[in-house]
Each structure stands twice: as structure tokens, then as C-alpha cells.
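Residue-level listing of the chains:
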Amino acid sequence: MKRGLIILKLNKYIFAKIFRSYAIGIIFLLSLLLSLLFSLILFLYFKNDGTAFVKNFQFYVLIFYCILLFLYILIIIVKLFSQQIEDNSLLLIITKPVSRMQIFISQTIVSFLSIIMFIISNILILFIVGIVLNSFNDYPYYHFYVQMILKLIIFTFIFSFTLLSGIIFLSMFFNSHVIFLIFAVLCSLFILGGLPSQILDLELNNIAISFDNGGAPINMSDIKTDLLFKKYLNQGLLRYQNLTTTLYQFFDKFDQNDLVNFGTSNDPTIDTTLAKRYDFYDQLRLENDGRVDTSMKIRTWADDEKGIFTNQEVIISINFLHNIISYDQLQADVETKANDQQTYLFKVDLLNFINDYIKIYGSRDALISYWENDFPNLLSFVEGDPKTNPEASYILVKSTQQKYSLTSKDIVGAYKNTESTYNFDPADAYTKIFNNPVYFALRIVENEIENIVYQNKVIANAKVIDSLQNPQWDKYNNFVNKYWWINKFNIFEHFNQLWTSMLGSYGNFWFNPFVISEIKLDGEQNEFFSYPNLFLQLNNDNTIDLKNSKNIQNSQDVLIGYLTLAIVLFISAAFVWKNRRIAQ
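Everything numeric here is computed off the predicted structure, so don't read it as measured data.

What about the overall build of the protein?
Here comes step 1: Looking only at helices and strands, the protein has 21 helices and 11 strands in total.
Here comes step 2: Expressed as a percentage of the 584 residues in the protein, the buried residues total 49%.
Here comes step 3: Within the protein, counting contacts between residues at least 6 apart in sequence, those at least 24 apart form 76% of the total.

As for the confidence of the model for the protein
Here comes step 1: Across the protein, the average pLDDT comes to 77, with 74% of residues at or above 70.
Here comes step 2: Note that residues 375–383 has pLDDT below 50 and, in this model, 39 contacts with residues that lie over four places away or in other chains.
Here comes step 3: Of the regions scoring below 50 in pLDDT, residues 415–427 engages in 36 contacts with residues more than four places distant in sequence or in other chains.

Examining the packing of helix α6 (residues 142–171) against helix α21 (residues 555–579)
Here comes step 1: Interaxial distance between α6 and α21 falls to 8 Å at its minimum, and their mutual angle equals 35°. Crossing angle aside, the handedness with which α6 passes α21 is left-handed. Across the interface between the two elements, I158, F161, T162, S165, G166, I168 and F169 of α6 pack against L559, Y562, L563, A566, I567, L569, F570, S572 and A573 of α21.
Here comes step 2: Taken together, the residues of the contact of α6 with α21 break down into 12 nonpolar, 4 polar and no charged.

Here's the deal with the packing of aromatic side chains
For any pair of aromatic rings, the description consists of the separation of the ring centres together with the inter-plane angle of the planes.
Here comes step 1: According to the stated counting rule, one finds 29 aromatic pairs in the structure shown.
Here comes step 2: Ring geometry for F155 against W499: centres 5.5 Å apart, planes inclined by 55°, an arrangement best described as tilted. With F155 in helix α6 and W499 in helix α20 (residues 491–502), this pair connects stretches of sequence that are 344 residues apart.
Here comes step 3: Judged by its relative accessible area of 0%, W499 is buried.
Here comes step 4: Here the aromatic cluster, defined as three or more aromatic residues joined through ring pairs, consists of F28, F38, F43, F53, F57, Y60, F64, Y72, F118 and Y145.
Here comes step 5: For K403, the ring lying beneath its charged end belongs to Y394, and the centroid distance is 4.4 Å.

Focus on a nonpolar patch on the surface
Here comes step 1: A grouping of Y22, I26, L30, L33, L36, L37, I41, L44 and Y45 is seen on the molecular surface, where their side chains present a nonpolar patch of about 960 Å² in accessible area.
Here comes step 2: Positionally, Y45 belongs in helix α2 (residues 22–45).
Here comes step 3: You can call Y45 exposed: its relative accessible area is 65%.

A closer look at the sheet that holds strand β9 (residues 464–465)
Here comes step 1: Spatial strand order, β2-β1-β9: 3 strands in an open sheet with antiparallel pairing. A single partner strand is all that each edge strand has here, and the edge strands are β2 (218–219) and β9.
Here comes step 2: Where strand β1 (residues 208–211) and β9 come together, 2 bridges link them in antiparallel fashion. When the bridges of β9 are listed, F211 appears paired with V464.

Details of unusual backbone geometry
Here comes step 1: A positive phi is found at R285, a non-glycine position, where the angle reads about 60°.
Here comes step 2: Mapping R285 onto the fold places it in the loop between α12 (274–283) and β3 (290–298).
Here comes step 3: On the accessibility criterion, R285 (47% relative accessible area) is partly exposed.
Here comes step 4: If you check the backbone angles, Q401 has positive phi at about 60° while not being a glycine.
Here comes step 5: Mapped onto the elements of the fold, Q401 is located in the loop between β6 (394–397) and β7 (402–405).
Here comes step 6: When its relative accessible area of 54% is taken as the criterion, Q401 is described as exposed.

Some points on the pattern of salt bridges
Here comes step 1: Enumeration over the complete set of coordinates arrives at 3 salt bridges.
Here comes step 2: One salt bridge in this structure joins K457 and D252, with 3.3 Å as the shortest N-O distance. Of this pair, K457 sits in helix α18 (residues 437–461) while D252 sits in helix α10 (residues 241–252), and the two are 205 residues apart along the sequence.
Here comes step 3: Ionic pairing is found between D333 and K347, a salt bridge with its closest N-O pair at 2.8 Å. Of this pair, D333 sits in helix α13 (residues 327–336) while K347 sits in helix α14 (residues 341–361); the two residues are 14 residues apart in sequence, bridging distant segments of the chain. Side by side, D333 and K347 carry an identical accessibility label, which is buried.

Re helix α8 (residues 195–205)
Here comes step 1: Among the residues of α8, those classed as buried are P196, S197, L200, D201 and L204. With its buried residues spanning 140° around the axis, α8 presents them on a single face.
Here comes step 2: On its buried face, α8 is in contact with α9 (220–235), α19 (472–489) and α20.

Notes on the nonpolar core
Here comes step 1: Of all hydrophobic cores here, the largest spans 73 residues; its most connected members are F57, Y65, F118, Y145 and I167.
Here comes step 2: Counting residues per element, this core draws most heavily on helix α3 (residues 50–86), which supplies 22 residues.
Here comes step 3: In terms of nonpolar packing, the next biggest core, distinct from the first, is built from 64 residues, Y248, Y278, L284 and F440 among them.

Here's the deal with the pairing of β6
Here comes step 1: Burial along β6 is two-sided: the face carrying Y394 and L396 and the face carrying I395 and V397 are both buried.
Here comes step 2: Two strands pair when backbone bridges link them, and β6 and β7 are joined in this way by 4 bridges, in the antiparallel orientation. Considered in β7, the bridge of L396 is made with K403.

Focus on the packing of α9 against α18
Here comes step 1: Relative to each other, α9 and α18 sit at 100°, their axes nearing to 9 Å. As far as their axial angle goes, α18 and α9 are roughly perpendicular. Mapping the contact onto sequence places D222, I223, D226, L227, F229 and K230 in α9 and I449, I452, Q455, N456 and I459 in α18.
Here comes step 2: Tallied by class, residues from the contact of α9 with α18 come to 6 nonpolar, 2 polar and 3 charged.

A few points about the side chain of Q312
Here comes step 1: You can see Q312 is positioned in strand β5 (residues 312–320).
Here comes step 2: In this view, Q312 contacts M296, K297, I298, V397 and S399; residues no more than four positions away in its chain are not counted.

Some details on the environment of P532
Here comes step 1: Tracing the chain through its elements places P532 in the loop between α20 and β10 (534–535).
Here comes step 2: When near neighbours in sequence (up to four residues on either side) are disregarded, P532 contacts K224, Q497, T500, S501 and N551.

Some thoughts on the side chain of S31
Here comes step 1: By secondary structure assignment, the location of S31 is in helix α2.
Here comes step 2: Every residue in contact with S31, bar those within four places of it in the chain, is listed here: F64, L68, F118 and N122.

Some thoughts on α21
Here comes step 1: Counted at 1.5 Å a residue, the expected span for α21 with its 25 residues is 36 Å, and the 36 Å between its end C-alpha atoms agrees.
Here comes step 2: Buried within α21 are the following residues: S555, V558, Y562, A566, L569, A573, A574 and W577.
Here comes step 3: Of the residues that open α21, the one with a side-chain oxygen 3.1 Å from the backbone nitrogen of Q556 is N554.

Reading guide: rules and limits
Residues numbered from 1 in each chain as written. Predicted model: local features only at pLDDT ≥ 70, side-chain atom pairs only at ≥ 80, totals over all residues. Heavy atoms only, no water. Helix = DSSP H or I, 4+ residues; strand = E, 2+ residues; numbered from the N terminus. Buried < 20%, exposed > 50% of the residue type's maximum accessible area, 1.4 Å probe, protein only. Contact = heavy atoms within 4.5 Å. pLDDT = per-residue confidence, 0-100. Axes fitted to C-alpha atoms, helices over the stretch in contact; angles between N-to-C directions. Left-handed = near helix turned anticlockwise from the far one by under 90°. Nonpolar A, V, L, I, M, F, W, Y, C, P; charged D, E, K, R; others polar. Phe/Tyr/Trp six-rings, centres within 6.5 Å; stacked < 30°, edge-to-face > 60°. Lys NZ or Arg CZ within 6 Å of the ring centre and 35° of its normal. Patch = residues over 30% accessible without salt bridge, like charges linked within 9 Å, V, L, I, M, F, W, Y side chains within 5 Å. Areas by Shrake-Rupley, 256 points an atom, 1.4 Å probe, with all protein chains shown as cover. Salt bridge = Lys/Arg side-chain N within 4 Å of Asp/Glu carboxyl O. Pairing = 2+ DSSP bridges. Arc of directions from axis to C-beta. Core = buried A, V, L, I, M, F, W, Y, C linked by side-chain atoms within 4.5 Å. Parallel < 35°, antiparallel > 145°, perpendicular 65-115°, else oblique. Expected span 1.5 Å × (residues − 1). Polar contact = N/O pair within 3.5 Å; in protein donor to acceptor, adjacent residues only side chain to side chain.

As C-alpha cells, then:
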């Protein structure tokens, strides 16, 4: 009983020694303020921007664990283990009827409890702010935010135990000044931990690999994206999963040669995917065939020598062979669940894609800015003389009721306001017919996924061409090998990558193709962190060995290695503490 009271008093003494420190109090308060400000900023300023949301959350993680948590643990351990020997306060403790090992264990337990209190206090701030703000407004990234916080708890516990063991071990051999100097340098270097990874990414962007299929070289960064895209697709980790999977499976049915001419022509003999794409859209209930009429006034017509159209009210009647449904119709189909389950889920994703775009850019019209040049391939029109072909598109002059043929070239020219003899009011209904966000959204995703499918087929089947004049593969191999060796000894990068690999998938953040009109899997990466990179090698026949591709850093091995090292250092420190001679 008496021994238990002594140990309890010892623990209270240790707690008091920790929290009497002004430095500990300041760091604790700064961390709480940081957690409060970052959580407010994330929800109030980046509520609709997933990329910025993830990047800025990782800034918080970097500052929290690399600076505040780092310094908090450093000051506590040095104060309890190193400075107690320097100021002889340990002599007072060991006069009590408790063993040295009991003192060591008590100081370690109290230290770790105070660290847990530090971490949990900040996590609670993050949780409370998220819960309160989400109760007023259903934030799209709230659940992902909660997942990241839970993973942050696990990561900081691992980091804390490793750092605690390392500092305790060093405290057995060095005074507090030396330890502060060592870890001040380490703390500053942690901020640069992502530098080797960033250099690698920059180098990969400059290395283009040639294949024997006769196509253009493919950048190593794109090869990495293509392979990861397929991997994440199979694991169900991609954003707009139903939209993405359906399109990927469709294009994967074509061979390499068919995909080469994808989207290059409205002629099905050139683009052999065209007819099947129309059938595909029809199966998904995305087509709305038929005639569209719109009234407008033509102000001038350069070639109108007889004044047929000048200052005339006309009806433009366009008969579509293939026309994509409107945004309103897509929305109605989703609300009424008008189609089968697969089609319904596809349309839900397509609608979400467009709505996400609108949230970021504020307008449906922003979709069109990426694909205006694609307008000639928008639709197929029936051409011909309206007198002999009742299915043809035409212009009807209201005053004379006379019909004149309207060709695809006329329509395209009028829309683009070039090569056109027409001069329309830019806000008229004619333009609205073709500014179809559903079509342009579909083309954005379709084009990118088709390109990834094509490149994956090249990567899987074609042989790498590497000549003495252009040794790109050797350049890649040499650089990755150097990075591999740097990574072996770069403890800063080890923990950075341990955090990013613990995130697993970004869920809804693996790609946002609408951000820059191309699919990238690293849009949410923070430049100060390191991320897993693939290490690729060639087979004997010069094809890429996809079966044995692996990450340069095996984060599972790193985790096991550091936990094992931490346990060894802790046991060694305990042995030294028990047997070291303390000067009187």
C-alpha cells in the first residue's frame, strides 16, 4: 500500500514537472489553435474543392507532426531523462524506496500519456469543428475528413513511440544541449523530406519511352498514371466509379489499331469506334434523336446578294442523326430512375461530374471551353436539298415560307463564328442547342479514358525501343536506382511516405478530370510530402514487366523496421538507465 502511494506521488511529480514548463504550455496551446484554424479553413474555404481540401489537410499534418508534436516529445523526454541527470534532481528521486526501473517505467508511461493527451486534444478539436459545421451544411468531403483524422491518430502514435524511444536512448549518452541540436536539425530537415520525391517526379516528366508500335513516345509519368488507374479501377477506388468503369470496359474491347484513330473523324471508315460508340450511347439512353427547330433573326449574310436572309426572321430546323440528351433530361432521368440499374448509376455519376464542375467553375458553360474545337465531331447531320429530301436540315424564311438547305458545314461554321456567312445574335437559341454540357462532359471523360486504355495496351504488349542515341529507358533505370538508394537512408521520406501510404485511397479524390481536362492521379499531392513511386523493369523480350512492378519504398517493411528499432532502443535505454553510474 505504501509503495503504491509512493509510485502515485512519483507519477504526480512527473506530470507536474512536465506541465510546469512554459515551453510545453505554449506548444500545447499553439497546436490547439492550429487545429481550430485549419479545420475552419478546410470547411469554409475549400468545401467544394476536393484537391485543395486534401492538399491543405496535409499541410496541417506536416506542421502538426513534423514541428509541434516533434518539439513536444523532444522537450518532455529531455526534461525527464537528460536534464534530471544534469541538474541532479534524479538524486532526490532515487532516495525514495523505488527502484531505478520503476522510475524509468513511470517516466516513460507519464510521458506517453501526456503525448496521447496532446494528440487526442487536437483530434477532438478537428472532430468537433467538423461535426458542428457539417450539421449546418452537408459537406461533400466530411466523411473523408473523418477517415483522415482516424488514420492520423494511428500515424502519430507510431511516430510518437518511435521518436520517444530514440530520444530516451540518446538521453542515456548525451546532454540536453547536444540532443536539442541533433533534433533541431532533424526537425528542419523533415520539412524537406519530400524533396527527393519531387525531383523524381520532375525527372519522370522529362523521360519519354518509345515503343515499337509506331506511336508517339509515352512519358514515364503517364505510364505510372495509366498503370495506377487500372489498378485503382479494379479495386473500386476511382471517383465516378460507374461512369469510369463503364467507359473503360467499353474501350477495352477494341484493339490498339482501332483506338489510334479514336475521335479523329466523323467518318466510320476512319474512326472504327464511331458506330459502336453510337450504339453504346443508345444502350445507355444518352441519345435523343429527332428534329430541333429554333426561331431567330439573321442580321446579315455576306453572300446574300439577293437579300434572302438579311434582316429576316427564320426558323432553323436541324434533324439529328445522333444527339446527346440535354442536362435537364439527364437530371430528370436520375430523379425518376427512368432506366435500368446500370444505366441509372452511369447517369448519376455523369450528372455528379457536371455538377462538381459547376461547383468549382460556377457555370455549365465552362465545360464547353475545353471542347469547342471538337464541335465538328459533335453530331452527324443529314444533308441534302429539302425539296427532295424531307429529312434534311434547313432554314425556313418566315415571310416567304421558302426552305433552303442547311449543311453540317454551315452549322459548324455558324457555331464557331468562323468560315460562316451567317451573322447570328450570340445569345440566340441556336447556340443554346449546341452548348450541351452533357455532351462535352462525356467527351472530356471519354477522351481521357480512351487514351489510358490505349496506352495501357501499348505498355502491356509493345516492346521498348532504346537506342544509343536516345537511351531513355537506361536514363529512367539509372535515376530510379539512385532514388532507391537515397530512399533507403532517408528517414524523413520514410515517415512522409508512411503517412501517404496509410491514406490508402483518396476515395473520391483519385482523379478529378474536370480540373485540367485530363486525368491525373496526383492532383491532390502536397509538394512537401513523398508519395509511393513505381519501380519498373524490362522482361527479356524488352516488354515492361508489369507482373513484378513494385513501389520503391515498401511502407509495410518500413513500419515493421521502425517499430522493431524503437523497441530495441527502448530496451537498450532501460538497460543503460538501470546500470549507469549517477554522480553524487
